[in-house]
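Chain by chain, the residues:
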Amino acid sequence: MYVLAAPCIENPACRARGITTDEDIRLFNRAAERCRRFSVEMVPLPCPETAYLGADRPPGSFLDRLATPEFAALLDRFEEEVRAAIRERGEPPLAIIGVDSSPACGVNTTYYSSEKRPGRGAFLARFPDIPCIDVKDFARYRIYLAAPLFSEAEQAYNLALHDLLERHLFDVYLPQDVGDTSHTRCREEHRAIFAQHLQALRDVDTVVAVIDGADADSGTSWEMGYAYALGKRVVALRTDFRMAGHHERVNLMLEESATVVTAKEDLPRALGTLLEGRERDPDRCSRG
């Protein structure tokens, strides 16, 4: 299992001069961490901009410097090399990881002229049959699973959700694995668990919340609200068929602050899985 990746993600020599921020580097590193965490090989694409303009180059748009027959011929050659490598591997990549704004490797936007325009860059546009994802989206894979955890049934369901999400290459923080869960735990343990959960909520990219029941679990509701206030994405799972009102499945404030799905099988799609229609071997996915 592998992804193709814009070479500048791992190789600083492929980056145009002066445009890479500290936040970009953090996300590049997180993308590589995700691949290592789930044993997904990151295979770098050739860099047509570096090959054509050199490594130490200022940033520019496609029309500025790349709209030439020579560059088009270079793209032809690189496309054939990449497709030959895919044929040799015998399976398609999960996706191409690109870098938005890049004239060659943009995914959602690209500097075609002096302003960005929607669509793929000139190189990634050569592969319309392969899904593409921007590196910033690929790097956001850490999930906090907010859910009631007080009974054996609840904990078993949470483990099933954990395993489902990890099979789809998401790293899941499971609160029930943290601290003493007995009713006799001391006040100091309460504070330690609270602090650890709080830090985890700050560190993750997305909160997945289980909001079944006549009223959603109070701790889960608090975690959803805190995550929303931090600007985190919240995806809520509501399999309960009961309605809280004419238009709400559950409490209005919870529903309006989250994307709500009604089956656990829909969670990976809502989170942007790369494995749509493909199975992942659970034995390759550890909880370490």
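In this numbering scheme, every chain counts its residues from 1 along its sequence in written order. The predicted nature of this model means local features are confined to residues of pLDDT at least 70 and side-chain atom pairs, given and counted, to a pLDDT of 80 or more, with totals for whole chains, interfaces and linings taken over all residues. Hydrogens are left out, water is left out, and the side-chain values use all remaining heavy atoms of the structure.

Draft legend 1. Expanded view of the overall build of the chain. Put simply, DSSP H or I for four residues or longer makes a helix, DSSP E for two residues or longer makes a strand, and each gets a number counted from the N terminus. Summing up its helical and strand segments, the chain has 10 helices and 11 strands in all. In terms of its C-alpha atoms, the chain occupies a principal-axis envelope of roughly 70 × 40 × 40 Å. Exposure categories follow from relative accessible area, calculated using a 1.4 Å probe and restricted to protein chains: below 20% of the type maximum is buried, above 50% is exposed, and the middle band is partly exposed. The buried share of the chain, taken over its 288 residues, is 45%. The contacts in the chain between residues at least 6 apart in sequence include a share of 69% that link residues at least 24 apart. We call two residues contacting when some pair of their heavy atoms lies within 4.5 Å.

Draft legend 2. Looking closely at the sheet that holds strand E6 (residues 132–134). Pairs of strands are assigned from DSSP output, requiring at least two bridges between the strands. Reading across from one edge, E2-E1-E3-E6 is the order of the four strands in this open sheet, with parallel pairing throughout. Looking at strand neighbours, the two that pair on one side only are strand E2 (41–44) and E6, the edges of this open sheet. Averaged over all pairs of adjacent strands, the angle between strand axes in this sheet comes to 30 degrees, irrespective of strand direction. Where strand E1 (residues 2–5) and E2 come together, four bridges link them in parallel fashion. Within E2, the position partnered with tyrosine 2 by the bridge is glutamate 41. Packing of helix H4 (residues 69–89) onto the sheet brings it into contact with E1 and E2, and relative to E1 it is tilted by some 170 degrees. Angles run from 0 to 180 degrees between N-to-C directions of axes, and those axes are lines fitted to C-alpha atoms, restricted for helices to the stretch in contact.

Draft legend 3. Just empty space enclosed by the protein, in detail. Of the grid points, spaced at 1 Å and generated over the protein atoms alone, those admitting a 1.4 Å probe that cannot get out make up cavities, while open sets with protein on both sides within 12 Å along at least five of seven lines make up pockets; any residue with an atom within 4 Å of a point is treated as lining. Grid points are joined across faces, edges and corners, and a volume is the space filled by probe spheres set on the points. Counted according to the given criterion, the structure contains one cavity of 30 Å³ or more. Size it by volume and the largest cavity reaches roughly 30 Å³. Lining of the largest cavity is provided by Val3, Arg34, Cys35, Val40, Leu94, Phe138, Leu169 and Leu274. Here the lining of the largest cavity is built from residues that sort into seven nonpolar, no polar and one charged. All residues other than Ala, Val, Leu, Ile, Met, Phe, Trp, Tyr, Cys, Pro, Asp, Glu, Lys and Arg, Gly among them, are scored as polar; the first ten of these are nonpolar and the last four charged.

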